[in-house]
Amino acid sequence: MKKPVIVQKFGGTSVGTIDSIYTVAKHVINAKNQGNHVVVVVSAMSGETNRLMSLAKQVDSVPNARELDVLLSAGEQVSMALLAMALDKLGHKACSLTASQAKIHTDNQHNDATIKSINTDTIERLLTQNNIVIVAGFQGINDNGDITTLGRGGSDTSAVTLAGALSAKECQIFTDVDGIYTCDPRVVTNAKKLEEIDFPSMEQMASKGAKVLHLPSVQYAWKHNVPLRVLSTFEVNSGSLIKGDSPTREVAGLAINRHLLFIEIDEQFIVSATTQCQMLGINLFSVIKHPDRSGIVIEHESISKLDLVFSDKIRNSSEVSLLTVVGLRAKGLIKSSKQLLMECDINVVDHFLDNDSLTILLSRDCVDNAACMLHDAYIAQGQAFDDQKKHMLLG
Ligand code: ASP
Ligand code: MG
């Protein structure tokens, strides 16, 4: 009988040192010894993609997109080879593959490509020859055979898409936290780990800035029913499972998108600014048309692109962040959120609503404080209330 396939993805911190790479190798061997075929997807060693990006930016503030992909994709090739060597040293057959060798085909959108198809022939052949197959995350090839990359954090999407193509029994995303939390635990220290979270809430969290999973990976797993789990490389645990088609929690969590810029532009130029953003592939987070303040909100990183064509229309720019409350009750929480934040002198610049979410725009230096406040009010206290109820029920 054919063995089941497991896809395991390891992020940058998990392959950050040779010691960690040996820890990764143990997880992989464990999964193999349990009777599975194992396909591993790796990120670049921690800090490496940023290092390569900063080299490119020293050459040109808006580097040539094709060449940037050639450069950035190098990081993953280092870690995949090191892991293959470690597995080999531990006595297990392993073979690393670039995206081109693994036949991961994408569209032509350099720096932000989408996977179109994967031809799994080579991977399957290697698996049946008893190999552990290691695939470079984050990269693909387009129809010209050129290297593309999937956008920052894209290795999650490589892993989930491979899991779908191979009909894997589970896709496991190993990272340096032990699961999905109600908010970034580095910011909100009493954030709670969720044993399970539904796909729509996870999609909202990822689309609004929670970095734990790359948004397309959540969307792909949801659409193709790929069982998806997030767990820690460094602790023994069962992590968090992403499962279910409908939101179940009144407030599931809070997402922070920290590094944004509010670009002030006169109202008459807003339409042309949004058109420019579309043409340049710049993500627009919000368009603000207040009589006293109008402009757009974009990622900090995109400013150099916009500057090339629009610098004469930009009046001012300030660092802002978005804080998003996700859950069935989220949309009804604007009044109370404004009230709670006002009590701490935090000004809400703007807000908007999406599927079961409320997003608040604030100045960057307030966002951590605001996240703690709202987490306390909507999640920590809500949970205390639930516990109290349970206690009463149980006597
Ligand atoms: N190495 C790439 C990045 O840092 C891709 C990834 O880690 O998922 O964005
Ligand atoms: Mg990531």
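Predicted model only: the values in this text are computed from it and were never measured.

Chemist: Let's hear about the packing of helix H8 (residues 199-207) against helix H9 (residues 215-224): which residues, and what values?
Modeler: One way to put it is that H8 packs onto H9 with a least axis distance of 9 Å and a crossing angle of 165°. Classed by the angle they form, the pair H8 and H9 counts as roughly antiparallel. Our pair here, H8 against H9, has a crossing hand that is left-handed. The residues of H9 that touch H8, namely those facing Phe199, Pro200, Met202, Glu203, Ala206 and Ser207, are Leu215, Val218, Gln219, Ala221 and Trp222. The class makeup of the residues in the contact of H8 with H9 is eight nonpolar, two polar and one charged.

Chemist: Describe the sheet that holds strand E2 (residues 37-42), with residues and values.
Modeler: With respect to topology, eight strands assemble into an open sheet ordered E3-E6-E2-E1-E9-E13-E14-E12, the strand pairing being mixed. Whereas interior strands pair on both sides, the edge strands pair on one side only; in this sheet they are strand E3 (94-97) and strand E12 (196-197). With four bridges joining them, E3 and strand E6 (residues 132-136) adopt parallel strand pairing. Pairing of Ala94 across the sheet is with Ile132, part of E6. Contacting E2, E3 and E6, helix H4 (residues 74-89) crosses the sheet at an angle of about 165° to E6.

Chemist: Describe the packing of helix H1 (residues 18-33) against H4, with residues and values.
Modeler: Running from N to C, H1 and H4 cross one another at 65°; their axes reach a closest spacing of 9 Å. You can see that H1 and H4 cross each other, and the crossing is right-handed. For the pair H1 and H4, contact is made by Ile18, Ile21, Tyr22, Val24, Ala25, Val28 and Ile29 and by Leu82, Leu83, Ala86, Leu87 and Lys89, respectively. Classifying every residue of the contact of H1 with H4 by side-chain character gives 11 nonpolar, no polar and one charged.

Chemist: Now, about the pattern of salt bridges: what can you tell me, with residues and values included?
Modeler: In total, this model carries 16 salt bridges according to the counting rule given. Two residues, Glu264 and Arg315, come together in a salt bridge whose shortest N-O distance is 3.9 Å. Here Arg315 lies in strand E18 (residues 314-326) and Glu264 lies in strand E15 (residues 253-265), a separation of 51 residues in the sequence. Look at Arg315 and you get exposed, because its relative accessible area is 51%. Bridged by salt links that share partners, the residues Glu264, Asp266, Arg293 and Arg315 form one connected network.

Chemist: Tell me about the site of ligand 1, residues and numbers included.
Modeler: The immediate surroundings of ligand 1 are formed by Ser43, Ala44, Thr49, Glu76, Phe138, Arg152, Gly153, Gly154 and Ser155. Interatomic distance of 3.3 Å between a backbone N/O atom of Gly154 and an oxygen atom of ligand 1. With respect to ligand 1, the backbone of Ser155 contributes an N or O atom lying 3.0 Å from an oxygen atom. A total of 260 Å² of accessible area belongs to ligand 1 in isolation, and the protein chains cover 86% of it. A breakdown of the residues in the shell around ligand 1 according to their chemical character gives two nonpolar, five polar and two charged.

Chemist: Tell me what's going on with helix H10 (residues 270-280), and back it up with residues and numbers.
Modeler: Of all the residues in H10, the buried ones are Ile270, Ala273, Thr274 and Cys277. One side of H10 holds all its buried residues, which, seen down the axis, span an arc of 95°. Exposed side of H10, more than 90 degrees from the buried face: Val271, Gln278 and Met279 are the residues found there. Buried residues along H10 sit in contact with E15, strand E16 (284-289), strand E17 (294-299) and helix H11 (303-310). Looking one or two residues past H10, Gly281 carries a phi angle of roughly 70°, positive in sign.

Chemist: Run through the UniProt feature "binding site: substrate" (unreviewed entry) in the protein, naming residues and quoting values.
Modeler: According to UniProt, the feature "binding site: substrate" (unreviewed entry) maps to Thr49 and Glu76 in the numbering used here. Their sequence span is 28 residues, while the largest C-alpha to C-alpha distance among them is just 8.7 Å; these annotated residues converge on one region. Turning to its location among the elements, Thr49 is positioned in helix H2 (residues 48-59). Residue class for Thr49 comes out buried when judged on its relative accessible area of 11%. Aside from chain neighbours lying at most four places away, what touches Thr49 is Ala44, Leu72, Phe138 and Arg152. You can see Glu76 is positioned in helix H4. Filtering out sequence-adjacent residues up to four positions away, Glu76 remains in contact with Val42, Ser43, Ala44, Ala136, Gly137, Phe138, Gln139 and Ser155.

Conventions used here
- Residues numbered from 1 in each chain as written.
- Chains lettered and ligands numbered in written order.
- Predicted model: local features only at pLDDT ≥ 70, side-chain atom pairs only at ≥ 80, totals over all residues.
- Heavy atoms only, no water.
- Axes fitted to C-alpha atoms, helices over the stretch in contact; angles between N-to-C directions.
- Helix = DSSP H or I, 4+ residues; strand = E, 2+ residues; numbered from the N terminus.
- Parallel < 35°, antiparallel > 145°, perpendicular 65-115°, else oblique.
- Left-handed = near helix turned anticlockwise from the far one by under 90°.
- Contact = heavy atoms within 4.5 Å.
- Nonpolar A, V, L, I, M, F, W, Y, C, P; charged D, E, K, R; others polar.
- Pairing = 2+ DSSP bridges.
- Salt bridge = Lys/Arg side-chain N within 4 Å of Asp/Glu carboxyl O.
- Buried < 20%, exposed > 50% of the residue type's maximum accessible area, 1.4 Å probe, protein only.
- Near = heavy atom within 4 Å.
- Polar contact = N/O pair within 3.5 Å; in protein donor to acceptor, adjacent residues only side chain to side chain.
- Areas by Shrake-Rupley, 256 points an atom, 1.4 Å probe, with all protein chains shown as cover.
- Arc of directions from axis to C-beta.
- UniProt positions renumbered as here; feature names shortened; annotations may be inferred.

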